[in-house]
Amino acid sequence: MTTEAVVSSFFSQNTREQDEEISDKFLHLADELNLRLEQFKIPSKVQCVYNPTIYARYTYEMYVRKYCNTKKKIMYFGMNPGPWGMSQTGVPFGEVSFVRDWLKIEGDVGKPENELKERPVQGFQCTRSEVSGKRLWGFFKDLCKTPDIFFKSSFIYNYLPQQWMKNNGCNITPGDLRGNEMEELYNICDPILCKVLELYNVDIIIAVGKFCETRAQKILKKYILPNKIQILYLPHPSPRAVNNNDWERKAHECLKKNNLLHFYQQGNDSAT
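Only a predicted model underlies this, so the values are computations on that prediction, with no experimental measurement involved.

I tried to follow the pattern of salt bridges on my own but got confused; where do I start?
Close approach of charged atoms allows side chains with opposite charge to pair. Using the criterion set out here, one finds 15 salt bridges in the structure. With a shortest N-O distance of 2.6 Å, R65 and D24 are connected by a salt bridge. Of this pair, R65 sits in helix α3 (residues 57–67) while D24 sits in helix α1 (residues 17–37), and the two are 41 residues apart along the sequence. The class for R65 is buried, based on a relative accessible area of 19%. Its salt-bridge partner being K73, residue D203 comes within 3.4 Å of it at the nearest N-O pair.

What exactly am I supposed to notice about the confidence of the model for the protein chain here?
Atom-level detail of predicted coordinates should not be read off regions where pLDDT is low. Of all residues in the protein chain, 90% attain a pLDDT of 70 or more, and the chain-wide mean is 91. Low pLDDT, under 50, characterises residues 1–15; the predicted model gives this stretch 31 contacts beyond four residues in sequence or across chains.

Mind showing me how you'd approach the sheet that holds strand β2 (residues 74–78) here?
With parallel pairing, four strands are arranged side by side in an open sheet as β3-β2-β6-β7. Two strands in the sheet have a free side with no partner beyond their single neighbour: β3 (154–158) and β7 (230–234). Ignoring strand direction, the axes of neighbouring strands in this sheet form an average angle of 25°. Here helix α8 (residues 179–200) sits on the sheet in contact with β2, β3 and β6 (204–208), set at roughly 170° to β3.

Could you clarify how one ought to interpret the sheet that holds strand β5 (residues 171–172) in this entry?
To summarise the sheet geometry, strands pair through backbone hydrogen bonds and adopt either a parallel or an antiparallel arrangement. A sheet is described by the order of its strands in space; here three strands give the open sequence β1-β4-β5, paired in antiparallel fashion. A single partner strand is all that each edge strand has here, and the edge strands are β1 (48–50) and β5. As defined by bridge partners, strand β4 (residues 163–165) adjoins β5 across two bridges and the pair is classed as antiparallel. Pairing of W164 across the sheet is with I172, part of β5.

I would appreciate a short explanation of α8 in the present structure.
An α-helix turns once per 3.6 residues; consequently, residues spaced three or four apart project the same way. Helix geometry: α8 is bent most strongly at L185, by close to 45°. Backbone geometry just after α8 places N201 at a positive phi near 55°.

Even after reading the chapter, I still don't get the packing of α8 against helix α9 (residues 210–222), so can you show me in this structure?
To characterise two packed helices, one gives the angle between the axes of the helices and the distance between these axes. Contact geometry for α8 and α9: axes closest at 11 Å, N-to-C directions at 80°. Viewed along their axes, α8 and α9 adopt a mutual orientation that is roughly perpendicular. Along its contact with α8, which presents Y186, N187, D190, L193, C194 and L197, the element α9 presents F211, R215, I219, L220 and K222. Looking at side-chain class alone, the contact of α8 with α9 contains seven nonpolar, one polar and three charged residues.

Please explain the packing of helix α6 (residues 131–144) against helix α10 (residues 247–257) as it appears in this structure.
At a minimum axis separation of 10 Å, α6 and α10 run at an interaxial angle of 55°. As summarised for this structure, α6 and α10 are arranged oblique, according to the angle between their axes. Here α6 and α10 pass one another in a crossing that is right-handed. Side by side, α6 and α10 meet where R135, L136, F139, F140 and L143 of the first sit next to W247, E248, A251, H252 and L255 of the second. Across the contact of α6 with α10, the residue classes tally to seven nonpolar, one polar and two charged.

Could you clarify how one ought to interpret the packing of aromatic side chains in this entry?
Ring pairs (aromatic) are described by centroid distance and by the angle formed between their planes. Counted by the stated rule, this structure contains 20 aromatic pairs. Between F26 and Y200 the ring centres are 5.8 Å apart and the planes differ by 65°, which places this aromatic pair in the edge-to-face class. Of this pair, F26 sits in helix α1 while Y200 sits in helix α8, and the two are 174 residues apart along the sequence. The exposure class assigned to Y200 is buried, which follows from its relative accessible area of 0%. Consider the rings of F140 and Y264, whose centres lie 5.4 Å apart with planes at 55°: the pair is tilted. In this pair, F140 sits in helix α6 while Y264 sits in the segment after α10, placing the two residues 124 residues apart along the sequence. Like F140, the residue Y264 is buried in the burial classification.

Thresholds, definitions, all that
Residues numbered from 1 in each chain as written. Predicted model: local features only at pLDDT ≥ 70, side-chain atom pairs only at ≥ 80, totals over all residues. Heavy atoms only, no water. Salt bridge = Lys/Arg side-chain N within 4 Å of Asp/Glu carboxyl O. Helix = DSSP H or I, 4+ residues; strand = E, 2+ residues; numbered from the N terminus. Buried < 20%, exposed > 50% of the residue type's maximum accessible area, 1.4 Å probe, protein only. pLDDT = per-residue confidence, 0-100. Contact = heavy atoms within 4.5 Å. Pairing = 2+ DSSP bridges. Axes fitted to C-alpha atoms, helices over the stretch in contact; angles between N-to-C directions. Bend = angle between axes of the 7 residues up to and from the residue. Parallel < 35°, antiparallel > 145°, perpendicular 65-115°, else oblique. Nonpolar A, V, L, I, M, F, W, Y, C, P; charged D, E, K, R; others polar. Left-handed = near helix turned anticlockwise from the far one by under 90°. Phe/Tyr/Trp six-rings, centres within 6.5 Å; stacked < 30°, edge-to-face > 60°.

Here you go:
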């Protein structure tokens, strides 16, 4: 299949009803998750919450409608937004330059209800770079050349749409907290993840980081899904991760070892 044959429903005047329905259903699931999270008692260590799927809704929805509008074999499973990535752009791992210049997504971004001066939301005017997003999207840009090649088979989904912080702006991830503090969150986010897996007919979860690997393993043991899903581990591209300076090499090895590189090569019909 050629790049031109890939349907991006957000921009196409010849949108297939099925594609439009998939992105609409996904957005309904995002809204369902946010409604449920309103009832969640935030752990005491967390003093500020940003949710870019709400205040950056325009660009988040553009990502979904443009690129998450067809069935996907592979889900890259992330944990939650980063301060200079998705929290600025609304796109998972959304380092500003790659979202604007490679994914061709840009637009107005609002403000969180309680904004910290140490973590300002400046949208596409943000000049700080999200290293994790720069590494991840940069890797796939080099590998795929065009976004449509990546999104033929794959998409990125975050377990939690919220960024958690202390009042001084220090980041807190779900992986930083004890299991008993998180059980209620798991009961909210786990079922939504299962619905997303079913909606896109996912065969392979590539868990980005240990938290996501563990969470995916527990979810697949707990819930019955219509198809058997394989879980693969990919080190997190964050500079906070230990011994991770050669992340791009490790990512390439992961795809090669699991016979997935062909999904990201232009003109390969097996990516559909």
